[in-house]
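Understanding the architecture of this molecule
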Amino acid sequence: MDAVSVIRTKRDRGELSDEQIDWVIDAYTRGEVADEQMSALAMAILLNGMDRREIARWTAAMIASGERMDFSSLTRPTADKHSTGGVGDKITLPLAPLVAACGAAVPQLSGRGLGHTGGTLDKLESIPGWRAQLSNEEMLSVLDGVGAVICAAGDGLAPADKKLYALRDVTGTVEAIPLIASSIMSKKIAEGTGSLVLDVKVGTGAFMKTIEDARELASTMVGLGTDHGVRTVALLTDMSTPLGLTAGNALEVRESVEVLAGGGPADVVELTLALAREMLDAAGLKDADPAKALADGSAMDVWRRMIKAQGGDPDAPLPTSREQHVVTAPSSGILTRLDAYDIGIAAWRLGAGRARKEDPVQAAAGVEMHAKPGDPVTEGQPLLTLHTDTPERFAYALESVEGSYDIGVAGGEFTPSPVVLE
Ligand code: URA
């Protein structure tokens, strides 16, 4: 077998055989297939696609490239959630302790942000002392003792995907449904969760810009999970506007704690509860009542124990930005659009995200929103507050903010998008 013949097969719109797929994933992981060869193959897959059999085999080969975790020693059923990524998407933070408070074990392996979408680990690292890196034994011990753990995936889990995802990120080959589905599902299946709820985002701030593409991604992932014995369901949810009223690391932790305290923005609460119900259902805990666990403080109790178990101080003040810039409404009326992508780019430019994997992020940087689509606004009122420690970033962030919103006439037509689309 050789890499050039595998690339040629896909370049010429052929189907890759099981042997070709097994060989190329294994040889790439071992360094025998070069990055430039894998990037040519990834581009051929992006352009010419893969059928279900190829996607299933590709996923199985990526799982086989590393270790599989085993949660069979736990007495509780396991349930995990994966979001395909968005702006202001802090849902994992209240959701994991909430579902644990209702009786499931939640092993939440999470990632860092890249580009305009935030990463759960970057958000949690704004809590003084909190550690993302746990050994497999530590992870299992937190999961067993607290019921929920949010941490980085160990290096042993789907190493083929780690290499391939980094390569796709710099070769314009991220946005391919077969590659996204196999990347996400190889990690989730190797992680060993019994059930999985997928939050597939649709809209300007998401990978999937159309409902049709989101449906195809969702059904591909549900098929892969089901074939591997993981009870898998997917919700398609709106990402045309940011979730909640904050985009940025410490800002989003603050908002998540508000949700756990029984408050917080309505859309964040609605999506947290919708995903919690799906996770509990998939885990066989149909009688659990997540709304009650939010209201009676039991989810907050699990949050505090989870943060402490990973070295964090849940009572420590969160970092605040050294500089702020307020953007005011230029006219009165109704906010009819607040674009998720533009706000995500602004937060990223303020320092909340990174351009390269090794870049640091600013814990306090980001965008605070004072109105959401559908809200009335008055000329001169604060619309957004930009936060950063490095004020020279304001001008660059403002370029993205400029076209991010529309204000319509008061009393005009406005139809809000539901949070859960399907
Ligand atoms: N998240 C992943 O883990 N992989 C992808 O390919 C895209 C998003």
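Residues numbered from 1 in each chain as written. Predicted model: local features only at pLDDT ≥ 70, side-chain atom pairs only at ≥ 80, totals over all residues.

Quick word on the confidence of the model for the protein chain
- Here the protein chain averages 95 in pLDDT, while 100% of its residues score no lower than 70.
- Predicted as a complex, the structure gets a pTM of 0.95 and an ipTM equal to 0.97. (pLDDT = per-residue confidence, 0-100.)

Observations concerning the site of the ligand
- Contacts to the ligand come from Thr 84, Gly 85, Tyr 165, Val 174, Leu 179, Ile 180, Ser 183 and Ile 184.
- It is helix 9 (residues 177-191) that provides the largest number of residues to the shell around the ligand, a total of four residues.
- Class assignment for the residues of the shell around the ligand results in five nonpolar, three polar and no charged. (Near = placed C-beta within 6 Å. Helix = DSSP H or I, 4+ residues; strand = E, 2+ residues; numbered from the N terminus. Nonpolar A, V, L, I, M, F, W, Y, C, P; charged D, E, K, R; others polar.)

As for unusual backbone geometry
- Despite not being glycine, Arg 13 shows a phi value in the positive range, around 65°.
- Mapped onto the fold, Arg 13 is located in the loop between helix 1 (3-11) and helix 2 (18-30).
- The residue Ala 158 is not glycine, and still its phi comes out positive at about 45°.
- Within the fold, Ala 158 resides in the loop between strand 3 (148-152) and helix 8 (159-169).

Points about the sheet that holds strand 9 (residues 366-369)
- Taken in spatial order, the four strands of this open sheet run 6-9-11-7, and their pairing is antiparallel. Each of the sheet's edge strands pairs with one partner strand only, and the pair in question is strand 6 (246-248) and strand 7 (323-328). On average, adjacent strands in this sheet sit at an angle of 15° to one another, irrespective of strand direction.
- In this sheet, strand 11 (residues 382-388) lies alongside strand 7 in antiparallel orientation, the contact comprising six bridges. Following the sheet pairing, His 325 is matched in strand 11 by Leu 386.
- Here helix 11 (residues 249-260) sits on the sheet and contacts strand 6, strand 9 and strand 11; the angle it forms with strand 6, its principal contact strand, is near 135°. (Pairing = 2+ DSSP bridges. Axes fitted to C-alpha atoms, helices over the stretch in contact; angles between N-to-C directions. Contact = placed C-beta atoms within 7 Å.)

A word on the sheet that holds strand 1 (residues 79-83)
- Strand order across the open sheet formed by three strands is 1-4-5, with parallel pairing between neighbours. Across the chains shown, the open sheet's two edge strands, defined by having one partner strand only, are strand 1 and strand 5 (231-238). Each neighbouring strand pair of the sheet contributes to a mean axis angle of 20°, computed without reference to strand direction.

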